[in-house]
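# Working through the structure, step by step
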Amino acid sequence: MRNRLRVLRAERSWSQGELADRLGVSRQTVNAIETGRYDPSLPLAFSIARLFDLAIEQVFEPEG
Amino acid sequence: MKPFSAGFHTGRDARNAGGFNRWMLAAAIAYIAATAALRWRAALPAISPALQWLLVGTALLFAVEATRRYVLYLRQADELLRRIQLEALGLGFAAGAVVALLYPLFELLGAPALGGRGIAVVLLLAWAAGSWLAARRYSGGT
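Residue indices follow the written sequence of each chain, beginning from 1 at its first position. Numbering of ligands from 1 and lettering of chains from A proceed in the order in which they are written. Note on the predicted model: pLDDT of at least 70 is required for a residue's local features to be given, and 80 or more for side-chain atom pairs to be given and counted; whole-chain, interface and lining totals, by contrast, use all residues.

What follows deals with the overall build of chain B. If you tally the helices and strands in chain B, you get four helices and zero strands. Helices and strands in chain B line up, N terminus first, as α-α-α-α. Each radius of gyration is computed over the set of C-alpha atoms, and the globule rule expresses the reference value as 2.2 Å times the number of residues to the power 0.38. Radius of gyration (C-alpha) of chain B: 18 Å, far over the 14 Å computed for a compact globule of 142 residues. Its C-alpha atoms give chain B principal-axis dimensions of roughly 60 × 40 × 20 Å. In chain B, buried positions account for 23% of the 142 residues. A sequence separation of at least 24 residues applies to 76% of the contacts in chain B between residues at least 6 apart. Only DSSP runs of H or I with at least four residues qualify as helices, and only runs of E with at least two residues qualify as strands; both kinds are numbered from the N terminus onward. Put simply, a residue is buried when 20 or more other C-beta atoms lie within 10 Å of its own C-beta and exposed when 12 or fewer do; between those, it is partly exposed, and each C-beta is set from the backbone. The contact rule is simple: place each C-beta atom from the backbone, and if two of them lie within 7 Å, those residues are in contact.

Okay, here's the thing in structure tokens:
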């Protein structure tokens, strides 16, 4: 699954640590999502979309 | 002792891991004390049967509490950390099962006896290795 997390975070000038704190996850979790090594759970994906005030499909989209 | 996946901890995970580590350490110390007491009970009359039961019971209680703390750590863990730990536990369980089932055949071929403690050591080492491998798999670039 592809995502725009790094771009969205950069637009707000947040560090990975700041975003992790806002989401209640570890910094490595944010890093793993941004680099595509880990696909978040549905609740976390919704939390991310809500944090950026976007629909979930505006943040995540399936590969291919 | 920090687990290999320590970089994946939130503040709550770190606190839970600390609780688990402390009880694990207490259980290890109690286990060593109970083992030593049972081994030398014939030579040391001060080690009464009641004391022997107390030492073994203490080791068991501490181990049960450490297990409870680990379950709490796992249940409340950051979701990526939980995945890493589950992959590590899977590897540990698989390695333990393989060794427990197959090593007796090697013993029949003349390999040294491993015993229950040996299997437990293999399981724990595989858990640690699995933890390191999974943490490595999901990290990178930073």
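The subject of this paragraph is the domain arrangement of chain B. If you check the domain split of chain B, you get domain 1 (1-77) and domain 2 (78-142). With ten residues of domain 1 of chain B at the contact, the number on the domain 2 of chain B side is eleven residues. Each domain's extent is set by a domain assignment, obtained either automatically or from a database.

Another point: the interface of chain B and chain A. Tallying the contact residues gives 13 residues for chain B and twelve residues for chain A. Of the residues in the side of chain B that touches chain A, the class split is four nonpolar, seven polar and two charged. Residues were grouped as follows: Ala, Val, Leu, Ile, Met, Phe, Trp, Tyr, Cys and Pro as nonpolar; Asp, Glu, Lys and Arg as charged; and all remaining residues, including Gly, as polar.

To continue, consider unusual backbone geometry. Residues and elements named next belong to chain A. One non-glycine residue with positive phi stands out, namely Ser-13, at about 55°. Following the sequence through the fold, Ser-13 ends up in the loop between α1 (5-11) and α2 (16-23). Backbone geometry places Asp-53, a non-glycine residue, at a positive phi of 60°. When you line up the elements, Asp-53 lands in the loop between α4 (42-51) and α5 (56-59). In this structure Asp-53 comes out as exposed when scored by C-beta crowding, with 7 C-beta atoms within 10 Å.

What follows covers the environment of Val99(B). All names here are of chain B. Relative to the elements of secondary structure, Val-99 occurs in helix α3 (residues 79-108). A C-alpha to C-alpha distance of 25 Å links Val-99 and Ala-66, two positions 33 residues apart in sequence. Setting aside anything within four residues of it in sequence, one finds Val-99 in contact with Ile-119 and Val-122.

Glancing now at helix α2 (residues 49-75) of chain B. All names here are of chain B. In a helix, the anticipated span is given by 1.5 Å times the number of residues less one. The terminal C-alpha atoms of α2 lie 39 Å apart, and with 27 residues this matches the ideal 39 Å at 1.5 Å per residue to within 8%. If you check which residues of α2 are buried, you get Ala-59, Phe-62, Ala-66 and Tyr-73. Looking at the packing, one finds that the buried side of α2 touches α1 (11-39).

Another aspect to go through is the packing of α1(B) against α2(B). Residues and elements named next belong to chain B. To define axes, lines are fitted to C-alpha atoms, for helices over the stretch in contact only, and angles between the resulting N-to-C directions are given on a 0 to 180 degree scale. Following both chains from N to C, one finds α1 and α2 inclined at 160°, their axes separated by 8 Å at the closest point. Considering their axes alone, α1 and α2 lie roughly antiparallel with respect to each other. Remark: the crossing between α1 and α2 carries left-handed chirality. Each angle receives one of four descriptions, namely roughly parallel if under 35 degrees, roughly antiparallel if over 145, roughly perpendicular if within 65 to 115, and oblique otherwise. Crossing handedness is read from the near helix: turned anticlockwise from the far helix by less than a right angle, it gives a left-handed crossing, and turned clockwise, a right-handed one.

Once that is clear, we can look at the nonpolar core. Core analysis: the largest hydrophobic core is formed by 30 residues, its most contacted members being Leu80(B), Ile84(B) and Tyr138(B). For this core, the secondary-structure elements that each account for two or more residues are α3 (27-34) of chain A together with α1, α2, α3 and α4 (115-138) of chain B. Sorting elements by how many residues they give to this core places α4(B) first, with six residues. For this analysis, nonpolar core means a set of buried Ala, Val, Leu, Ile, Met, Phe, Trp, Tyr and Cys residues linked through C-beta atoms within 7 Å.

The subject of this paragraph is the environment of Leu8(A). Residue and element names in this part refer to chain A. Structurally, Leu-8 can be placed in helix α1. Linking Leu-8 and Glu-61, residues 53 residues apart in sequence, is a C-alpha distance of 14 Å. When neighbours within four sequence positions are excluded, Leu-8 is seen to be in contact with Phe-52 and Val-59.

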